[in-house]
Amino acid sequence: MYRIALLPCDGVGPEVVAEGLKVLEVAAAKYGVEYETVEYDVGGDRYLRTGEVLPDSVLDELRQMDAIYLGAVGHPDVAPGILEKGILLRLRFELDQYINLRPVKLYPGVATPLAGKGPEDIDFIVVRENTEGLYAGIGGSLRRGTPHEVAMQEAVYTRMGTERCIRYAFELARTRDEKKVTMVDKSNVLTFGHDLWVRTFAEVGEEYPDIETDHAYVDACCMWMVKNPEWFDVIVTCNMFGDIITDLGAMVQGGMGVAASGNINPNGVSMFEPIHGSAPKYTGQNVICPVAGIAAAGMTMEYLGEVECGKAIEDAVIAALASGKLGDLSTRSGVSTTETGDLVASLVE
Ligand code: IPM
Ligand code: MN
């Protein structure tokens, strides 16, 4: 019996989580996966009501869960940073979810803005370091609000954090057909931090002679992701660059409506979420595409070891997308959030 924590949080988060659960229920019943869910009221509304962001008592309970399923974080009436840092980043850090896994896969029937590219060209996965780099939150400011203001925001890279991320990427590449890892960095400018990445990548790579290695500077990576996405299999990169290139990746794979992700602690509690944000202006309108959220539910099962159940959810997503019944996956597609969830659920085989 798995215990899955639900953190629907803000904006359209609750709507997409509801559809993910709808599909999960069908798939789990079919494959005999037993689970219970515990929902937590965190997010902008609770913060505005009580001033609490993520109470320690909630965090302690989350540590005992088998997985966390999150909707989206961000509220129009709360200053940027409070919920992002206080909920999402705090969970990633405190639960040591050191990998942010982001598949960039174009499914048949989904339109990509890349002319002449199809599903056979766009199938890679980004391994984003998830606990260090510019996200470490180290820094400060001096003389704030004056013309002499000084602001420092440090990027933190440790050998341990870099190595475990790179090692994860190589292990992942071994499970894939292409068996190639491309490291994406800015080592031509970040000559301390990313020099550590370069040396670590070379050293760890020697332990994996069966895996092809490649390298791209992050700016060039953006170019290749558009021009030659078929070059990529596994990309490993730092936290900030991983954040940026996966929004580009989401567009390449057909939009924010389809891109799912996992915050992974291979030895602890992992958390799954759509890459898209809370999209406040669409809250409660039943128009947002829940496919990314549903796919995140599938990833949850896969990482709990319920591979068949997870695969069934992914296959149902693939079938729904291929059916042509979901329109352009935008908020104007004419297909509602709940109708999409119903269709995917009906296609679980
Ligand atoms: C993401 C998001 C977060 C990030 C924000 C909401 C803090 O953009 O998961 O990619 O920057 O990691
Ligand atoms: Mn992001």
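From a predicted model like this one, the values you see are computed outputs, not experimental measurements.

Caption draft 1: View of the overall build of the protein chain. Of the regular secondary structure elements, the protein chain holds eleven helices and twelve strands. The C-alpha radius of gyration of the protein chain comes to 20 Å, within 12% of the 20 Å expected for a compact globule of 349 residues. By its C-alpha atoms, the protein chain is 50 × 50 × 40 Å across when sized along the principal axes. The contacts of the protein chain with a sequence gap of at least 6 include a subset with a gap of at least 24, amounting to 76%. Approximately 15,000 Å² of the protein chain is accessible, and the part contributed by carbon and sulfur atoms is 53%. With 29 positive and 52 negative side-chain charges, the protein chain shows a separation of 4 Å between the mean positions of the two kinds.

Caption draft 2: Up close: helix α4 (residues 82–94). Taking the largest bend as the criterion, α4 deviates by roughly 25 degrees, centred on L88. Three or more residues of α4 are buried, namely L83, G86, I87, L88, L89, L91 and R92. Positive backbone phi, at 50 degrees, marks D96, one or two positions downstream of α4.

Caption draft 3: Geometry of the domain arrangement of the protein chain. Looking at the protein chain, the domain boundaries give domain 1 (1–98 + 256–349) and domain 2 (112–253). Between the C-alpha centres of domain 1 and domain 2 the distance comes to 24 Å. Each partner contributes to the interface: domain 1 provides 14 residues, whereas domain 2 provides 13 residues. In this assembly, domain 1 and domain 2 are joined by one salt bridge. Residue R164 is joined to D96 by a salt bridge in which the shortest nitrogen-to-oxygen separation is 2.9 Å. Applying the counting rule to domain 1 against domain 2 returns four residue pairs in polar contact (both at pLDDT 80 or more). Of all the elements in the fold, those that place two or more residues in the side of domain 1 that touches domain 2 are α4 and β11 (260–264). With three residues, α4 is the single largest residue contributor to the side of domain 1 that touches domain 2. In the side of domain 1 that touches domain 2, the residues fall into ten nonpolar, two polar and two charged.

Caption draft 4: Representation of the sheet that holds strand β9 (residues 212–217) in the model. Here ten strands make up an open sheet; going across it, the order is β2-β1-β3-β12-β11-β4-β5-β10-β8-β9 and the pairing mixed. Bordering the open sheet on either side are β2 (35–39) and β9, each of which pairs with just one other strand. Looking at each pair of strands side by side, their axes are set apart by 25 degrees on average, direction ignored. Here strand β4 (residues 99–105) runs beside β11; their pairing, made up of three bridges, is antiparallel. Across the sheet, I99 pairs through a bridge with I264, a residue of β11. Contacts between helix α5 (residues 159–174) and the sheet are confined to β4, β5 (123–129), β8 (180–185), β9, β10 (234–237) and β11, with β5 contributing the most and set at about 160 degrees to the helix. Along the sheet, helix α7 (residues 218–227) makes contact with β5, β8, β9 and β10, crossing β9 at roughly 105 degrees.

Caption draft 5: Summary view of the site of ligand 1. As a structural note, the neighbourhood of ligand 1 is formed by E84, L88, R92, R102, R128, Y135 and D243. Note that an oxygen atom of ligand 1 is positioned 2.8 Å from one of the side-chain N or O atoms of R102. If you tally residues by element for the shell around ligand 1, the top one is α4, at three residues. Per-class residue counts for the shell around ligand 1 are two nonpolar, no polar and five charged. Counting contributing residues per domain, the shell around ligand 1 is built from domain 1 (1–98 + 256–349) and domain 2 (112–253), each supplying no fewer than three.

Caption draft 6: Highlighting the side chain of R46. Relative to the assigned elements, R46 resides in helix α2 (residues 44–50). R46 gets classed as buried once you look at its relative accessible area, which sits at 16%. A distance of 3.2 Å separates polar atoms of two side chains, one belonging to R46 and the other to E52. If we ignore the near neighbours within four places in the chain, the residues touching R46 are D41, G51, E52, P55 and V58.

Caption draft 7: Highlighting the pairing of β9. Relative to β9, β8 runs parallel, the two sharing six bridges. Across the sheet, the residue bridging to M183 is H215, located in β9. The parallel pair β8 and β9 is bridged by helix α6 (residues 193–206), and the resulting crossover is right-handed.

Caption draft 8: Structural view of the packing of aromatic side chains. Overall, the coordinates contain five aromatic pairs when judged by the stated rule. When the centroid spacing of 4.6 Å and the interplanar angle of 40 degrees are considered together, the rings of W224 and W231 count as tilted. What makes W224 partly exposed here is its relative accessible area of 23%. For W231, a relative accessible area of 40% translates into the label partly exposed. Taken together, F170, F201 and Y208 form an aromatic cluster joined through their ring pairs. Between R128 and the ring centre of Y135, over which it is positioned, the NZ or CZ distance is 5.0 Å.

Rules of the game
Residues numbered from 1 in each chain as written. Chains lettered and ligands numbered in written order. Predicted model: local features only at pLDDT ≥ 70, side-chain atom pairs only at ≥ 80, totals over all residues. Heavy atoms only, no water. Helix = DSSP H or I, 4+ residues; strand = E, 2+ residues; numbered from the N terminus. Rg over C-alpha atoms; globule rule 2.2 N^0.38 Å. Contact = heavy atoms within 4.5 Å. Areas by Shrake-Rupley, 256 points an atom, 1.4 Å probe, with all protein chains shown as cover. Lys, Arg positive; Asp, Glu negative; His and termini not counted. Charge placed at Lys NZ, Arg CZ, Asp CG, Glu CD. Bend = angle between axes of the 7 residues up to and from the residue. Buried < 20%, exposed > 50% of the residue type's maximum accessible area, 1.4 Å probe, protein only. Domains from an automatic or database assignment. Salt bridge = Lys/Arg side-chain N within 4 Å of Asp/Glu carboxyl O. Polar contact = N/O pair within 3.5 Å; in protein donor to acceptor, adjacent residues only side chain to side chain. Nonpolar A, V, L, I, M, F, W, Y, C, P; charged D, E, K, R; others polar. Pairing = 2+ DSSP bridges. Axes fitted to C-alpha atoms, helices over the stretch in contact; angles between N-to-C directions. Near = heavy atom within 4 Å. Right-handed = clockwise from strand over helix to strand, strands pointing away. Phe/Tyr/Trp six-rings, centres within 6.5 Å; stacked < 30°, edge-to-face > 60°. Lys NZ or Arg CZ within 6 Å of the ring centre and 35° of its normal.

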